Amino acid sequence: MFASILIAVAGWAGAAQPVPRTPAPTAPAEVRRHPLYTERPDTWPEPARLTVRATPDWSDHETYPPAARRLELEGAVMIEMRIDAAGVPRACRILVSSGHVILDDATCDRALEMRFEPLRGPDGRAAAETSYRARVNWLLTDPTSFGAGQLIVRFELSGDQVLSCRADRSGAAPEEWQRFACRSLGAALEHYLGDAFGRAERAAIVVSIEPAGASPTAAGAGRRVAHRRIAFDIDSEGHARNCRKTLDLGFGPAPRDYADTCGLFLSRAWLEPGRGEGAPRSGTLDLGVYVEAPR
C-alpha cells in the first residue's frame, strides 16, 4: 500500500506522495530526536505567518519513513520550528504528537530543510528570531494497478486567472492525480500553456499513462499547444525510474520545483505491476495541452 502526507502550515499547504507499506511484527525502540513541548514558561518567540522560500519535495514517495510504512503507522503531528533572522530553521519541537516517535521525528527532519523569507518589522529590519507552526497528516492508502488510464483537467480562464477547474480520471489513472491536479497544474499554467498563457479562455491538460505495447489513448479537443512524452520503467517498489523525455514541445519556463525528470505525475504515483513474466514493467506517460482562444 502507499501513503500520502497532507501538510497544513500556518497558511501554507502542500501534499506529499504515496509510498508502499508492508507490516512488521514489532516497533523499534522509540528515542526522540526532537523534543515534545514541555517548557514552562515558554522561552520560544511567538509564531508568525512566514513566506516559504524553499521546501523539500513532500511529494516524494520515499518521504514516508520506511519503518512507519512497515508497521502501518498513521497519525497527525503539530510541530513548531524556531527560525533565525535569515529565515533558516534552527530547532524543531513537537506540539501535538502523532502517537508515534517515528512520524514525529520524520516531520521535524523534513521541515528543518525548509527556508523562509525573513520576518521584517515596520522599519524594514529583519526580526532577530521567530517561530513557525505546521500540521502534518501521515496517511496510508492503497496502490494503483499499472494499466492504461487518463486524466483530463479542464480550466476556465480569464487572462492569467483561473475561474474554475475540473479533473476527471478514467481507467487506471491514479486517484492521487485527481486530488492534486487542479491545485498543482493551476499554479503552473504559465509553464503548461507556454505562449498561449493569458490568451486562452479554456484549456485542457490531458495526461495518459500506458503500459508498454498498449494502444495510444485518444487525444483531447481543441488546438494542441504543448506536448510531452516520457518513457519510464517501474522498479521493484512500484516507483517510476529511469525516466526519459522522448518529446517536449511548446512548454514555457519550468517552475523551480519541476527538476525531476519523471515529472509531476510519475513522481506522485505508486504503481503495482501485474504478476508473471509477461507483466509490463515499463510504460509511457503522454501529456498534451489543448486550448480554445477567445471568439
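Residues numbered from 1 in each chain as written. Predicted model: local features only at pLDDT ≥ 70, side-chain atom pairs only at ≥ 80, totals over all residues. Heavy atoms only, no water.

### Topic: the overall build of the protein chain
Applicable threshold: Secondary structure elements follow DSSP: runs of H or I no shorter than four residues count as helices, runs of E no shorter than two count as strands, and numbering proceeds from the N terminus. Any residue under 20% of the maximum accessible area for its type is buried, any over 50% is exposed, and the rest in between are partly exposed; the area is computed with a 1.4 Å probe on protein chains only. Here a residue-residue contact requires only that any non-hydrogen atoms of the pair lie within 4.5 Å. Only the protein chains shown count as cover for residues, and all accessible areas are computed by the Shrake-Rupley method using a 1.4 Å probe.
Summing up its helical and strand segments, the protein chain has five helices and 15 strands in all. Within the span of the protein chain, comprising 295 residues, buried residues form 46% of the whole. Taking contacts inside the protein chain between residues at least 6 apart in sequence as the whole, the part at least 24 apart equals 75%. Carbon and sulfur atoms provide 49% of the accessible area of the protein chain, an area that totals close to 14,700 Å².

### Remarks on empty space enclosed by the protein
Let me state the cut-off plainly: Cavity means a closed set of points on a 1 Å grid over the protein atoms alone, one where a 1.4 Å probe fits but cannot get out, pocket means an open set with protein on both sides within 12 Å along at least 5 of 7 lines, and lining means a residue has an atom within 4 Å of a point. Grid points are joined across faces, edges and corners, and a volume is the space filled by probe spheres set on the points. For this classification, the nonpolar set comprises Ala, Val, Leu, Ile, Met, Phe, Trp, Tyr, Cys and Pro, the charged set comprises Asp, Glu, Lys and Arg, and every other residue, Gly included, is treated as polar.
Applying the stated criterion across every chain yields a total of one cavity of 30 Å³ or more. The computed volume of the largest cavity comes to approximately 40 Å³. Every residue along the wall of the largest cavity is listed here: L50, I83, D84, A85, G87, E117, P118, L119, A127, E129 and T130. The set of elements that each furnish at least two residues to the lining of the largest cavity consists of β4 (75-84) and β7 (129-141). For the lining of the largest cavity, the class distribution of residues is six nonpolar, two polar and three charged.

### Details of the environment of R120
Here R120 is to be found in the loop between β6 (115-116) and β7. Expressed as a C-alpha distance, the spacing of R120 and A85, which sit 35 residues apart in the sequence, is 8.9 Å. Apart from residues lying up to four places away in sequence, R120 is in contact with R125, A126 and A127.

### Overview of the side chain of D286
On the secondary structure map, D286 appears in strand β15 (residues 282-292). With relative accessibility at 17%, the residue D286 sits in the buried group. Excluding its chain neighbours within four sequence positions, the residues that come into contact with D286 are V206, V207, S208, H227, R228 and R229.

### Re the packing of aromatic side chains
In plain terms, the rule: Ring pairs shown here join Phe, Tyr and Trp side chains whose ring centres sit within 6.5 Å, with only the six-membered ring taken for Trp; geometry is labelled stacked below 30 degrees between planes, edge-to-face above 60, and tilted in between.
In total, this model carries six aromatic pairs according to the counting rule given. Aromatic side chains F180 and F265 sit 5.5 Å apart centroid to centroid with 40° between the ring planes, which places their arrangement in the tilted category. Residue F180 is found in helix α3 (residues 175-186), and its partner F265 is found in helix α5 (residues 263-266); the two are separated by 85 residues along the sequence. On the accessibility criterion, F180 (1% relative accessible area) is buried. Relative to F251, the ring of Y192 lies with its centre 6.2 Å away and its plane at 80°, an arrangement referred to as edge-to-face. Of this pair, Y192 sits in helix α4 (residues 189-193) while F251 sits in the loop between β13 (240-249) and α5; the two residues are 59 residues apart in sequence, bridging distant segments of the chain. On the accessibility criterion, F251 (16% relative accessible area) is buried.

### A short note on the confidence of the model for the protein chain
To keep it simple, the criterion reads: Values of pLDDT, ranging from 0 to 100, describe the predictor's confidence in every residue of the model.
On average, residues of the protein chain carry a pLDDT of 81, and 78% of them reach 70 or more. Across residues 6-28 the pLDDT falls below 50, and counting only partners more than four positions away or on other chains, this stretch makes 86 contacts in the model.

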